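A structural walkthrough
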Amino acid sequence: MDLLLDILSWGFILSGGAFLLIGGLGLIRLPDFYTRMHAAGIIDTLGADLMLMGMVLQAGFTLVTVKLLLIGVFIFITSPTSTHAVANAALVAGLEPKLSTKETKSSLAGVTSVPGESLSTIDKEGASSQS
Amino acid sequence: MFAVAAIAILVTMALTLARLFMGPSLYDRTLAMNAFGTKTVLLIGVLGFLTERPDFLDIALVYALINFIGTIAILKFWRYRALGDAVEALKPSQNQGDRPGEGER
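Quick caveat, the model's predicted, so the values are computed rather than measured.

About the thresholds
- Residues numbered from 1 in each chain as written.
- Chains lettered and ligands numbered in written order.
- Predicted model: local features only at pLDDT ≥ 70, side-chain atom pairs only at ≥ 80, totals over all residues.
- Helix = DSSP H or I, 4+ residues; strand = E, 2+ residues; numbered from the N terminus.
- Buried ≥ 20, exposed ≤ 12 C-beta atoms within 10 Å, placed from the backbone.
- Contact = placed C-beta atoms within 7 Å.
- Core = buried A, V, L, I, M, F, W, Y, C linked by C-beta atoms within 7 Å.
- pLDDT = per-residue confidence, 0-100.
- Axes fitted to C-alpha atoms, helices over the stretch in contact; angles between N-to-C directions.
- Parallel < 35°, antiparallel > 145°, perpendicular 65-115°, else oblique.
- Left-handed = near helix turned anticlockwise from the far one by under 90°.
- Nonpolar A, V, L, I, M, F, W, Y, C, P; charged D, E, K, R; others polar.
- Expected span 1.5 Å × (residues − 1).
- Arc of directions from axis to C-beta.
- Bend = angle between axes of the 7 residues up to and from the residue.

**Here's the deal with the overall build of chain B**
In terms of helices and strands, chain B carries four helices and zero strands. Each helix and strand of chain B, placed in order from N terminus to C terminus, yields the pattern α-α-α-α. Burial analysis of chain B (105 residues in total) assigns 33% to the buried set. Excluding contacts between residues fewer than 6 apart, the proportion of contacts in chain B whose partners are at least 24 apart in sequence is 41%.

**Concerning the overall build of chain A**
When helices and strands are tallied, chain A shows five helices and zero strands. In chain A, which comprises 131 residues, the proportion classed as buried is 32%. Across chain A, contacts joining residues at least 24 apart in sequence account for 57% of those joining residues at least 6 apart.

**Comments concerning unusual backbone geometry**
The phi torsion at B:Glu52 lies on the positive side, around 55°, for a residue other than glycine. Here B:Glu52 shows up in the loop between α2 (26–50) and α3 (57–80).

**Topic: the interface of chain B and chain A**
Across the boundary between the two partners, chain B contributes 42 residues, which contact 40 residues of chain A. Elements with a contribution of two residues or more to the side of chain B that touches chain A: α1 (2–22), α2, α3 and α4 (86–104) of chain B. Sort the elements by how many residues they give to the side of chain B that touches chain A and α2(B) lands first, with 12 residues.

**Regarding the nonpolar core**
A:Met51 and A:Leu52 are the most contacted members of the largest nonpolar core, which totals 46 residues. Put simply, the parts of the chain that give this core at least two residues each are α1 (2–29), α2 (33–59) and α3 (63–92) of chain A together with α1, α2 and α3 of chain B. In this view, A:Leu52 contacts A:Leu68, A:Ile71 and A:Gly72; residues no more than four positions away in its chain are not counted.

**Describing the confidence of the model for chain B**
Do not read the fine detail of predicted coordinates wherever pLDDT is low. All names here are of chain B. Chain-level pLDDT for chain B is 81 on average; 80% of the residues reach the 70-or-more range. Summarising per-element confidence for chain B, the mean pLDDT is lowest in α4 (47) and highest in α1 (92). Within the model, the stretch residues 94–105 combines pLDDT values under 50 with five contacts to residues more than four positions away or in other chains. The complex model carries a pTM of 0.77, and its ipTM stands at 0.75.

**What about the packing of α1(B) against α2(B)?**
All names here are of chain B. Across the interface, α1 lies against α2 with an axial gap of 9 Å and an inter-helix angle of 160°. Here α1 is positioned roughly antiparallel relative to α2, judged by the angle of their axes. Judged by the sense of rotation from one axis to the other, the crossing of α1 with α2 is left-handed. Among the residues forming the contact of α1 with α2, the class breakdown is 18 nonpolar, two polar and four charged.

**Regarding α1(B)**
The end-to-end C-alpha separation of α1(B) is 30 Å, in line with the 30 Å expected for 21 residues at 1.5 Å each. Regarding α1(B), the residues found buried are B:Ala5, B:Ala8, B:Ile9, B:Thr12, B:Leu15, B:Thr16 and B:Arg19. What you see down the axis of α1(B) is that its buried residues fit within an arc of 125°, all on one side. Opposite the buried face of α1(B), at more than 90 degrees from it, the exposed residues are B:Ala3, B:Leu10, B:Ala14, B:Phe21 and B:Met22. Buried residues along α1(B) sit against α1 and α2 of chain A together with α2 of chain B.

**Brief notes about α2(A)**
Residue and element names in this part refer to chain A. Over its 27 residues, α2 runs 38 Å from end to end, which matches the ideal 39 Å to within 8%, given 1.5 Å per residue. If you look at α2, its biggest bend is around 25°, right at Ile43. Within α2, 20 of the 27 residues are buried, which leaves it mostly tucked inside the rest of the structure. Positive phi shows up at Gly60, right after α2, with a value of about 80°.

**What to know about the environment of B:Thr30**
As for its placement among the helices and strands, B:Thr30 is situated in helix α2. Along the chain, B:Thr30 and B:Lys76 lie 46 residues apart, while their C-alpha atoms are 12 Å from each other. In contact with B:Thr30, other than residues within four places in its own chain, are A:Val86, B:Thr71, B:Ile74 and B:Leu75.

In structure tokens:
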């Protein structure tokens, strides 16, 4: 039973480390911001959670397991949220994908004109009405 | 076993730091910073097991939350140039537009 747990946690931790290395290599090698975001997503969800699962199997039924599971839940919820927030901020700021064509540029123009342009037009209108 | 995991995490942290320093846009740097924070959490946990003192997990728990909030705060700061209310952030520029007009009157 102990040997089985050791083998399982070895497998989890080694595969988690492999996914971490793959994500780090992708973060360096991929050509574009949006593709790099894909690599960072691998690091944040799969690598982190596999490694935490391996540590849970090593810890057994203690308070450490509860803390590790809490960290896993937090990372599982927050890291896709922050990746999505970074992607949305980059898209709204007008950062284009490397392979964007004319059609995607026109759809991007529809996206980028929602909050930022409205704020800047409010600013301009306020300035023009006061002047 | 945990030494292998720590080495993998450290190598990935070095790769992420390289992306953080050479990233062409601000969003690349934010993404690398977020991934770096996640791996810091993992490294704290693994070091706790490596030294057989898993008390550091509380620090890792707090670090995971602060990392998320810090990423969101930095994104909001770049977007609106203020960390408070976004509409409040527009008022100083309008006030600056007001002042010269009042001075002329």
